[in-house]
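Residues per chain are reported as follows:
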Amino acid sequence: MVTLITLGALGVVWLWWRDTPSVQGTGAILTNAGRILGLLAGYGFVVLVVLMARLPPLERGIGSDRLARWHANVGRYVITLVTGHVIGIVWGYAVTAHESVTSQSVTLLTSYPDVLMATVAWFLLLGVGAFSARAARRRMSYETWYYAHLYTYLAIALAFSHQFAVGQEFSAHSDARIAWSALYITAGALIAWYRFLTPLLRAARHRFTVYGAAMESPDVVSLYITGRDLDKLGAEPGQFFRWRFLTRQLWWQSHPYSLSAMPRQDMMRITVKARGDHSAALASVPPGTRVIAEGPYGAFTPALSSRRVLLIAGGVGITPIRAMFAAIPKRMSDGITLIYRASHPRDIVFRRELNAIAADRGATLYYVIGSRRDLGYDPLAPESLAAAVSGLHRYEAYVCGPPGMTEAAVKSLRAAGIRRHRIHHESFDF
Ligand SMILES: Cc1cc2nc3c(=O)[nH]c(=O)nc-3n(C[C@H](O)[C@H](O)[C@H](O)COP(=O)(O)OP(=O)(O)OC[C@H]3O[C@@H](n4cnc5c(N)ncnc54)[C@H](O)[C@@H]3O)c2cc1C
């Protein structure tokens, strides 16, 4: 993927290069720097959109959490490129025309086609960037942040036409215009297909409907979803769907929840801890509620060829781990260990199911309950893990839990000698 993105960027540089005569003078240098930055920003928009188009090969191969991180990084680059483009063009034109930057800005805004719209797009992008900054993000709800983000699409639409109207590499070459349009149309079509049409078609085909709910602990509920041919969804243990429950209060939100048991032909299950308004409302979603389930997504799936598997779950991170634990083939039974970490006995869910799976597979199962202070040791320290699992360095490890716990576990596993590519973890926070 990185190679493909880089090749695309090189193609963009070539587009600029073939239309750039020898550059002389400060004005020309600034203007041409502005041009290449603008072209790269235009290409960056396409990359941004494609990363979030929920393309199955990317979701499955790279994983949604990594894609979200890449998207955030590319977003920062794009805003920087656009800002550099604006500065380069305005300053370069001002130097060439021997005018002030202010009067050149006015000329650009009033006399050049579509530049005003592109300027609005730039301000929208700066706004989205400010909203997405970590400090601002922490202060707002996920939904506010998410819907503010959608202004990026408006910014892309507003900025598009000025590229053809004033970009010399496009006005002079119809092949460049065709290739650039094809790039944008393809990105738009991917979004329309994978984010909107596919979920609707799947909902119509599989008829996802809430069957019932069962409380697993005071704040954790399992929801059973019935439907048709659910085993044909192609879900793998450890994967998740984005769930939209079509009730009056919840239809406008879609939230990711992992499968806590693999789909049977007519039933699947998710298990959710009440954390905020959506997750807390799920315990009272009435049976018969129709559901749009988008997925399956996620690269946090077990390599079923591994000979020894260590699973570490913290709190509600047990949900994908529970599905994996039941799916790992019996032939590995001498090498399956599950460590389930919780702060309090009431936080443990699926105890009966986990015990039964462990007995069936001859797997080792540890419940590690209580704070480090209560226990008197750190159960996720390298030496504790090595004492619990002999030959730890030969294991393939899967970790899912709160970010702090996951980070500590991954560090310890590395210190215990497991190679980085054999440690897999999932974050419940994008
Ligand atoms: C891949 C993945 C799998 C998950 N699986 C499970 C699971 O099996 N069981 C479970 O209990 N929880 C799971 N979660 C966490 C769950 O999605 C959030 O707890 C839930 O969305 C919180 O929403 P809320 O409105 O109840 O709380 P809020 O108070 O609105 O949100 C709490 C936090 O959850 C995150 N969040 C909120 N909405 C979303 C969203 N639409 N998409 C992504 N993150 C969001 C934000 O970081 C936010 O800070 C998973 C999360 C991810 C990313």
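These figures come from a predicted structure and were not determined experimentally.

Draft legend 1. Quick peek at the domain arrangement of the chain. In terms of domains, the chain is made up of domain 1 (2-196), domain 2 (207-297) and domain 3 (309-426). Taken together, the contact pairs 16 residues of domain 2 with 13 residues of domain 3. Carbon and sulfur atoms make up 63% of the surface buried where domain 2 meets domain 3, a total of about 1,100 Å² over both sides. Applying the counting rule to domain 2 against domain 3 returns one salt bridge. Salt-bridge contacts for Glu353 lead to Arg269; the nearest nitrogen and oxygen are separated by 2.8 Å. For the interface between domain 2 and domain 3, the tally reads one residue pair in polar contact (both at pLDDT 80 or more). Listed by contribution, the elements that provide at least two residues to the side of domain 2 that touches domain 3 are strand 1 (209-217), strand 2 (220-226), strand 4 (255-261) and strand 5 (267-273). Among the residues making up the side of domain 2 that touches domain 3, the classes are represented as seven nonpolar, six polar and three charged.

Draft legend 2. Representation of unusual backbone geometry within the structure. A cis geometry characterises the amide bond from Gly295 onward to Pro296, with omega recorded as 0°. Looking at where Pro296 falls in the secondary structure, it is placed in strand 6 (residues 291-297). Positive phi outside glycine occurs at Arg54, with the angle close to 60°. With respect to the element layout, Arg54 can be found in the loop between helix 2 (26-51) and helix 3 (56-61). Despite not being glycine, Arg207 has its phi angle at roughly 50°, a positive value. Owing to a relative accessible area of 39%, Arg207 belongs among the partly exposed residues under this scheme.

The rules we used
- Residues numbered from 1 in each chain as written.
- Predicted model: local features only at pLDDT ≥ 70, side-chain atom pairs only at ≥ 80, totals over all residues.
- Heavy atoms only, no water.
- Domains from an automatic or database assignment.
- Contact = heavy atoms within 4.5 Å.
- Buried area = accessible area lost by both parts, 1.4 Å probe.
- Salt bridge = Lys/Arg side-chain N within 4 Å of Asp/Glu carboxyl O.
- Polar contact = N/O pair within 3.5 Å; in protein donor to acceptor, adjacent residues only side chain to side chain.
- Helix = DSSP H or I, 4+ residues; strand = E, 2+ residues; numbered from the N terminus.
- Nonpolar A, V, L, I, M, F, W, Y, C, P; charged D, E, K, R; others polar.
- Buried < 20%, exposed > 50% of the residue type's maximum accessible area, 1.4 Å probe, protein only.

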